[in-house]
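Chains, contacts and geometry: an overview
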Amino acid sequence: QVQLIESGGGLVQTGGSLRLSCAASGLVISDRTMAWFRQAPGRELELTGISWKGGTTHYEDFVEGRFTIFKDSATNTFYLDLNNLRPEDTAVYFCAARRVSSATSYSADQYEYWGQGTQVTVSS
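Report follows, based on the coordinates. Every chain's residues receive numbers from 1 upward, in the order its sequence appears when written. Per-residue local features of the predicted model are confined to residues with pLDDT of at least 70, and side-chain atom pairs are confined, for both listing and counting, to 80 or more; whole-chain, interface and lining totals are unaffected and use all residues. Side-chain measures here rest on the full set of heavy atoms in the structure, leaving out hydrogens and waters.

Criterion for a disulfide: a pair of cysteine sulfur atoms within 2.5 Å. Taken as a whole, this structure holds one disulfide when the rule is applied. The side chain of C22 participates in a disulfide bridge whose partner is C95; the two sulfur atoms lie 2.0 Å from each other. The S-S bond linking C22 to C95 shows a torsion near 55°; that makes this disulfide right-handed. Of this pair, C22 sits in strand β3 (residues 18–25) while C95 sits in strand β9 (residues 91–98), and the two are 73 residues apart along the sequence. Looking at C22, the relative accessible area reads 0%, which means it is buried. To qualify as a helix, a DSSP run of H or I must reach at least 4 residues; to qualify as a strand, a run of E must reach at least 2; elements of each kind are numbered from the N terminus. Relative accessibility decides the category of a residue: with a 1.4 Å probe and only protein chains considered, values under 20% of the type maximum give buried, values over 50% give exposed, and everything between is partly exposed.

Quick look at the structure:
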């Protein structure tokens, strides 16, 4: 059974940092395209970043160099480092694994497995 278990969310002040973890079982993250999405209050699900099999990454413009995504193959864990956080980053953050056969990686409907989400709240 595939599971993506997220942790690491919490409440931080503006400018603070968090590391979000996505522990995977039932699939090998290094063999899959993985992504982080977020959903802020009153907004639709939003792509944050993508990590392809070969290690290349994509970040949406709002990241502005503040976030880093990476895979730890040894522990089969997918990470999102959040730095210099702003109140506008407040959202539920989700990790997701794309379908193997998908032709694109930028739409949520291309992702087959999802974590439960972890809340990040950034206060002023």
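Now that the structure is up, let's keep going.
Any two rings among Phe, Tyr and Trp, with Trp reduced to its six-membered ring, count as a pair given centres within 6.5 Å; such a pair is stacked if its planes are under 30 degrees apart, edge-to-face if over 60, and tilted if neither. Tallying each qualifying case throughout the model produces seven aromatic pairs. When the ring of F94 is compared with that of W114, the centres are 6.3 Å apart and the planes differ by 75°; the resulting orientation is edge-to-face. With F94 in strand β9 and W114 in strand β10 (residues 111–114), this pair connects stretches of sequence that are 20 residues apart. Assessed through its relative accessible area of 15%, F94 is described here as buried. W114 gets classed as partly exposed once you look at its relative accessible area, which sits at 31%. Cluster of aromatic residues (ring-pair linked, three or more members): F37, F94, Y111 and W114. Placement of a positive charge over a ring is assigned whenever Lys NZ or Arg CZ falls within 6 Å of the ring centre and within 35 degrees of the normal to the ring plane. Geometry around Y79 places R19 over its ring, the cationic atom sitting 5.2 Å from the centre.

Between Lys or Arg on one side and Asp or Glu on the other, a salt bridge is scored when a side-chain nitrogen of the former is within 4 Å of a carboxyl oxygen of the latter. All chains considered together, the criterion is met by six salt bridges. The salt bridge involving R38 is made with E46; its shortest N-O contact spans 3.0 Å. Looking at R38, the relative accessible area reads 5%, which means it is buried. In this structure, D89 engages R66 in a salt bridge whose closest nitrogen and oxygen atoms are separated by 2.6 Å. Taken together, the residues span a long stretch of sequence, with D89 in the loop between β8 (77–82) and β9 and R66 in the loop between β6 (57–59) and β7 (67–72) at a distance of 23 residues. Accessibility classification places D89 together with R66 in one group, the buried group. Beyond isolated ion pairs, a larger network of salt bridges with shared partners links R38, E46, R66 and D89.

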